[in-house]
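Summary of structural features
Chain by chain, the residues:
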Amino acid sequence: MECTPPERAIRLWGPLLKPPFYKLWSVALEFMAAKAPIIRPQVSILMPFKNTSAYLEECLTSITDQNFETWELLAVDDHSSDSSLAILTEWAAHDSRIRVYPNQGRGIIPALKTAYAHSRGRLITRMDSDDRMAQGRLGEMAGQLEASGPGHIALGLVKYFSNRGISDGYARYERWLNRLTIEGSNFNEIYKECVIPSPCWMVHRQDLDACGAFAPERYPEDYDLCFRFYAGGLTCLPSSRLLHYWRDYDERTSRTSEHYAQNYFLDLKIDYFLELDRDASRPLVLWGAGYKGKHLARHLVDKGVHFHWLCDNPKKIGKTIYGVRLSHFQVLKKMKAPQSLITVANEVSQEEIRRFLTGRNQFSEKDAFFFC
């Protein structure tokens, strides 16, 4: 019986990928990569991988089938315990554009640093090893960046897929993200969620370096980089083309790692707000006293930031939490040019808040920042 590619890879390479040979094999991979002919690719694809053997063939095929050929793939093994390394090694043996390295640390950030350190392209993009590139993605993004020059981010529409169907939450996130990408207005709602899809962006190397690349050790790393793109003044290029298929499954890192828990996102948002958009000359107002509101309130209290806390829940109005008294939102009428942080998740309530603020000439992303 003919072997499947993963089975063939395991038979060929499997014995060398187990202790005590793994470390020796890692050194050999680095040596082979160093000896590879130096051909300057236009695009460097950074791809950490860990235990994604079930999806790698599909992922790699989507990359090698691109009609744009001047790319390199820097695949970094984050200590896989399945046949992932064997599969990548076999593909690299047949395509010199694919280079495989062991992670110099543990986790996605060290893996991205390792990949970036070995990259040579003028344009940089990222790929997830369990996803698929749409045909034409690399050429479309590279063409946009070459036409627009530095200072821009190339993006594309994304589509979630799963063998069990997509939850309503992911479907809403997909629609929201794609709406922003079509308009190129991603940064307008940056405090809601990550507005740059982690495996579907491309930038000039000089812009990535200017924004700190992968130096910060802060998770969620994709959202952190998104804020640094925003702080660096990069412009999102509008796109209406579907360029990436985003796989969802139970073992996906964003579902299993503590680094992607809600509190990490909230802390990141408030820290960047205080750094980038807070005007200390204006009153600060926090709307909502649910989980997110309380978490942000505690964060502000710990940082010594004074704020007014508003809600419309009769059971909470007048109560004091973390030393701050909750008031009815009507008190905002007495404030001069306040900045509002809104943690109310209900969409109907959000629209009511927008109407209330608009009636007072206060607008989203200028005076009001929606954190959900």
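Our structure is the block above this text.
Right, let's walk through the structure included here. Owing to the predicted nature of the structure, the values given are computational and were not obtained by experimental measurement.

Focus: the packing of aromatic side chains
For the structure on display, the rule yields 21 aromatic pairs. Here Tyr160 and Trp246 contribute two aromatic rings whose centre-to-centre distance is 5.0 Å and whose plane-to-plane angle is 0°, an arrangement assigned as stacked. Placement of Tyr160 in strand β7 (residues 157–161) and of Trp246 in strand β10 (residues 242–247) is noted, with a sequence separation of 86 residues between them. Given the relative accessible area of 6%, Tyr160 is considered buried. The exposure class of Trp246 is buried, given its relative accessible area of 5%. Ring centres of Trp309 and Tyr322 lie 6.4 Å apart, and the angle between their planes is 15°; this geometry places the pair in the stacked category. Remark: Tyr322 occurs in the loop between β13 (320–321) and β14 (324–328) and Trp309 occurs in strand β12 (residues 308–311); sequence separation between them is 13 residues.

Remarks on the sheet that holds strand β1 (residues 43–49)
Pairing is mixed across the open sheet formed by 7 strands, whose spatial order is β3-β2-β1-β4-β8-β6-β9. This sheet does not close on itself; its edge strands, each paired only once, are β3 (98–102) and β9 (235–237). Neighbour-to-neighbour, the strand axes of the sheet open up by a mean angle of 25°, direction not taken into account. Alignment of strand β6 (residues 152–155) against strand β8 (residues 201–204), held across 3 bridges, turns out to be antiparallel. By the bridge assignment, Ile153 is partnered in β8 with Val203. Along the sheet, helix α3 (residues 53–64) makes contact with β1, β2 (71–77) and β3, crossing β1 at roughly 180°.

What to know about unusual backbone geometry
Cis peptide bonds are those with omega within 30 degrees of zero, and the linkage from Tyr219 to Pro220 qualifies with -5°. As for its placement among the helices and strands, Pro220 is situated in the loop between α8 (205–210) and α9 (221–231). At Asn51, a position not held by glycine, the phi torsion is positive, near 55°. In this structure, Asn51 sits in the loop between β1 and α3. A positive phi is found at Glu365, a non-glycine position, where the angle reads about 65°.

Re empty space enclosed by the protein
Here the structure, examined in full by the defined rule, presents 2 cavities of 30 Å³ or more. The space that makes up the largest cavity amounts to roughly 70 Å³. Ile109, Leu112, Arg126, Ala213, Phe214, Pro216, Arg218, Glu221, Asp222, Asp224, Leu225 and Arg228 are the residues that line the largest cavity. Residue assignment for the lining of the largest cavity shows that the elements contributing at least two residues are α5 (108–118) and α9. The element contributing the most residues to the lining of the largest cavity is α9, with 5 residues. Of the residues belonging to the lining of the largest cavity, the class tally is 6 nonpolar, no polar and 6 charged. In this structure, the second largest cavity occupies an estimated 50 Å³ of space.

Let's talk about the pairing of β2
Most of β2 is tucked away, with 7 of its 7 residues classed as buried. Side chains Trp71, Leu73, Ala75 and Asp77 of β2 all project onto a buried face; the interleaved residues Glu72, Leu74 and Val76 project onto the opposite face, where all are buried too. In this sheet, β2 lies alongside β1 in parallel orientation, the contact comprising 7 bridges. The residue bridging Phe49 from the neighbouring strand is Asp77, located in β2. Crossover β1 to β2 through α3 is right-handed.

Quick word on helix α13 (residues 347–358)
Because each turn of an α-helix spans 3.6 residues, side chains separated by three or four positions end up pointing in the same direction. Helix length check: α13, at 12 residues, gives a terminal C-alpha distance of 16 Å against a target of 16 Å (1.5 Å per residue), a fit within 8%. For α13, the complete set of buried residues consists of Gln350, Ile353, Phe356 and Leu357. The buried residues of α13 all sit within an arc of 120° when viewed along its axis, so they share a single face. In α13, the exposed positions angled more than 90 degrees off the buried face are occupied by Glu347, Val348 and Arg355. Where α13 is buried, its residues contact β11 (284–287), β15 (339–342) and β16 (368–370). Where α13 begins, the capping side chain belongs to Asn346, and its oxygen is found 3.0 Å from the backbone nitrogen of Val348.

Quick notes on the pairing of β12
The pairing of β11 with β12 spans 3 bridges and is classified as parallel. Within the sheet, the bridge partner assigned to Leu286 lies in β12 and is Trp309. With helix α12 (residues 291–302) bridging β11 and the parallel β12, this β-α-β connection has right-handed handedness. Bridge count between β12 and β14: 3 bridges; the pairing is parallel. Among the inter-strand pairings, Leu310 is bridged to a residue of β14, identified as Ser327.

A closer look at the sheet that holds β13
Strand order in the open sheet made by the 6 strands is β13-β14-β12-β11-β15-β16, with mixed pairing throughout. Looking at the sheet topology across the chains shown, the edges are occupied by β13 and β16. With 2 bridges connecting them, β13 and β14 associate as antiparallel partners. In the sheet register, Ile321 faces β14, and the bridge partner there is Val324.

Cut-offs used in this document
Residues numbered from 1 in each chain as written. Predicted model: local features only at pLDDT ≥ 70, side-chain atom pairs only at ≥ 80, totals over all residues. Heavy atoms only, no water. Phe/Tyr/Trp six-rings, centres within 6.5 Å; stacked < 30°, edge-to-face > 60°. Helix = DSSP H or I, 4+ residues; strand = E, 2+ residues; numbered from the N terminus. Buried < 20%, exposed > 50% of the residue type's maximum accessible area, 1.4 Å probe, protein only. Pairing = 2+ DSSP bridges. Axes fitted to C-alpha atoms, helices over the stretch in contact; angles between N-to-C directions. Contact = heavy atoms within 4.5 Å. 1 Å grid on protein atoms, 1.4 Å probe; cavity = no way out; pocket = protein on both sides within 12 Å on 5 of 7 lines; lining within 4 Å. Points joined across faces, edges and corners; volume = space filled by probe spheres on them. Nonpolar A, V, L, I, M, F, W, Y, C, P; charged D, E, K, R; others polar. Right-handed = clockwise from strand over helix to strand, strands pointing away. Expected span 1.5 Å × (residues − 1). Arc of directions from axis to C-beta. Polar contact = N/O pair within 3.5 Å; in protein donor to acceptor, adjacent residues only side chain to side chain.

Fair warning: the whole summary comes from geometry, so function is off the table for now.
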